[in-house]
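Residues per chain, in single letters:
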Amino acid sequence: MGDFSSQLLNAWNTNDDQSQARIVRNTLGHPHLKSLARFMAKSFLSDFQGTEGWINVFKELAKMDFNLVKSMHQKEIRQVFKWWKDLGLAKELKFARNQPIKWYMWPMAVLPHPSLSEQRVELTKPISLVYIINDIFDVHGTLHELTLFTEAVNRCEYEAVEPLPDYMKTCFNALNGITNEISSKVYEDYGLNPIDSLRKSWAILCNAFLVEARWFSVGHVPKNDEYLKNGIISSEVHVVLVYMVFLLGHGITKRNVDIVDDFPGLISSAATILRLWDDLGRAKDENQEGHDGSYLDCYMKENPGTSIENAQCHVMHSISETWKLLNQQCLPPKISHDMMVISASQALRST
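Now for a description of the structure that goes with this document. Keep in mind that what you see is a predicted model, and the values were worked out from it rather than measured.

**Notes on the overall build of the protein**
Helices and strands together make up the secondary structure of the protein, namely 17 helices and 0 strands. Taking all contacts inside the protein whose residues are at least 6 apart in sequence as the whole, residues at least 24 apart take part in 66%. Accessible area for the protein stands at about 18,100 Å²; split by element, carbon and sulfur atoms hold 56% of it.

**Structural notes on the packing of helix α11 (residues 224-234) against helix α14 (residues 265-281)**
Close contact between α11 and α14 brings their axes to 8 Å; oriented N to C, the two are set at 100 degrees. Comparing their axes, α14 and α11 come out roughly perpendicular. Here α11 contributes Y227, L228, G231, I232 and S234 to the contact with α14, which in turn contributes S268, A271, T272, R275, L276 and D279. Classifying every residue of the contact of α11 with α14 by side-chain character gives 5 nonpolar, 4 polar and 2 charged.

**What about the environment of P107?**
Within the element layout of this structure, P107 appears in helix α6 (residues 100-110). Placed 12 residues apart in sequence, P107 and Q119 show a C-alpha to C-alpha distance of 8.1 Å. Apart from residues lying up to four places away in sequence, P107 is in contact with R120, L123, T124 and I127.

**What about empty space enclosed by the protein?**
Per the counting criterion, the structure on display carries 1 cavity of 30 Å³ or more. If you add up the space inside the largest cavity, you get close to 70 Å³. Lining the largest cavity are A152, V153, C156, F172, L175, N176, T179, R199 and W202. Of all elements in the fold, only α8 (143-155), α9 (166-190) and α10 (195-217) reach the threshold of two or more residues within the lining of the largest cavity.

**A short note on a nonpolar patch on the surface**
Residues F39, F81, I101 and M105 make up a contiguous nonpolar surface patch of roughly 360 Å² in combined accessible area. Overall, F81 belongs to the partly exposed group, its relative accessible area being 38%.

**With respect to the nonpolar core**
L123, I133, F149 and W202 are the most contacted members of the largest nonpolar core, which totals 80 residues. Here this core gets 11 residues from one element, more than from any other, and that element is helix α12 (residues 237-248). Setting aside its immediate chain neighbours within four residues, W202 contacts P126, L129, V130, I133, V153, L175, T179, V239 and Y243.

**Topic: the pattern of salt bridges**
Counted by the stated rule, this structure contains 13 salt bridges. For E181, the salt bridge is made with K125, and the minimal N-O distance between the two is 3.0 Å. One end of the pair, E181, is in helix α9; the other, K125, is in helix α7 (residues 117-140), and 56 residues separate them in sequence. Here D189 and K185 are joined by a salt bridge, their closest N and O atoms 3.4 Å apart.

**Remarks on the packing of aromatic side chains**
What the rule picks out here adds up to 9 aromatic pairs. Ring geometry for Y158 and F172: centres 5.7 Å apart, planes at 90 degrees, overall edge-to-face. Pair noted here: Y158 is in the loop between α8 and α9 and F172 is in helix α9, with a separation of 14 residues, a long-range link. Note on Y227 and Y295: the rings are 6.4 Å apart at their centroids and 45 degrees apart in plane angle, and the pair reads as tilted. Linking Y227 in helix α11 with Y295 in helix α15 (residues 295-302), this pair joins segments that are 68 residues apart in sequence. Pair check on accessibility: Y227 and Y295 agree, each one buried.

Basis of the calculations
- Residues numbered from 1 in each chain as written.
- Predicted model: local features only at pLDDT ≥ 70, side-chain atom pairs only at ≥ 80, totals over all residues.
- Heavy atoms only, no water.
- Helix = DSSP H or I, 4+ residues; strand = E, 2+ residues; numbered from the N terminus.
- Contact = heavy atoms within 4.5 Å.
- Areas by Shrake-Rupley, 256 points an atom, 1.4 Å probe, with all protein chains shown as cover.
- Axes fitted to C-alpha atoms, helices over the stretch in contact; angles between N-to-C directions.
- Parallel < 35°, antiparallel > 145°, perpendicular 65-115°, else oblique.
- Nonpolar A, V, L, I, M, F, W, Y, C, P; charged D, E, K, R; others polar.
- 1 Å grid on protein atoms, 1.4 Å probe; cavity = no way out; pocket = protein on both sides within 12 Å on 5 of 7 lines; lining within 4 Å.
- Points joined across faces, edges and corners; volume = space filled by probe spheres on them.
- Patch = residues over 30% accessible without salt bridge, like charges linked within 9 Å, V, L, I, M, F, W, Y side chains within 5 Å.
- Salt bridge = Lys/Arg side-chain N within 4 Å of Asp/Glu carboxyl O.
- Buried < 20%, exposed > 50% of the residue type's maximum accessible area, 1.4 Å probe, protein only.
- Core = buried A, V, L, I, M, F, W, Y, C linked by side-chain atoms within 4.5 Å.
- Phe/Tyr/Trp six-rings, centres within 6.5 Å; stacked < 30°, edge-to-face > 60°.

Written out as structure tokens, the structure reads:
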């Protein structure tokens, strides 16, 4: 059905109505479930033409909405910049990526509704730590230091970081500070303290980072299934989703918290797509000398003689199949748990 619809829409490109043809081309290039409506709004407004009066009225309303939301995002970015500057990590951690706008893009994508301004700003905070801790594991820490750091995150003890370099202590303190701050906020707003879930999500992530660091330290290239199983966790999707669920606060119950903590299929599918897309675009992270592994490397070593083009086709096929699985997981009545989890996982498909 998808191929049939695509063929019909491509045929429409020859239509004499150039405005409609542009809309079709944009739709084919940016499918609804794989794009962000807010990012496409400006293009749609310029392409959408009509003579009826109501169309012009709606276009004016849409432009007003677009400008209001743009102004709101600019205000949020200023808040993020101020928070990052006040936090002081950029000065204390000289290697830290100074990319507040990049960190903010994820919350802006997964929490697009204008009413979620505060949640977007708050979610940017743990995401910034995800990037910094990822850099520590990929580039800066020795294996011994990374092992001690991971143990400290698992135990949540300040004493455990005493033998570590100052930059790791600083990062650990920032991690605990942000986690405690958001936990207090969630408790005040919704009456449930998520500290255990948030700490557990960081421990799971650091454990996965450490597995990759150990592989790299001995030059081990894992089987592609082994790499992907760990890479789904190190994709950081689980940490972001856990924070997002609590910041949204809809339908927080012990049952739903247990579901999210256990890394359900919805999260796993979203994380698989993100990991494979990320690896498809790069094997080495930008502006880094370290190596964080690639599914393509693992697949090609496990399948000698496979060209890079064939490996990329295999990854694209895997992404396509996982999208189908994610769509199935998001459709009732196959999902029995709370709609909060479904909505959050669907939002992650924007990443």
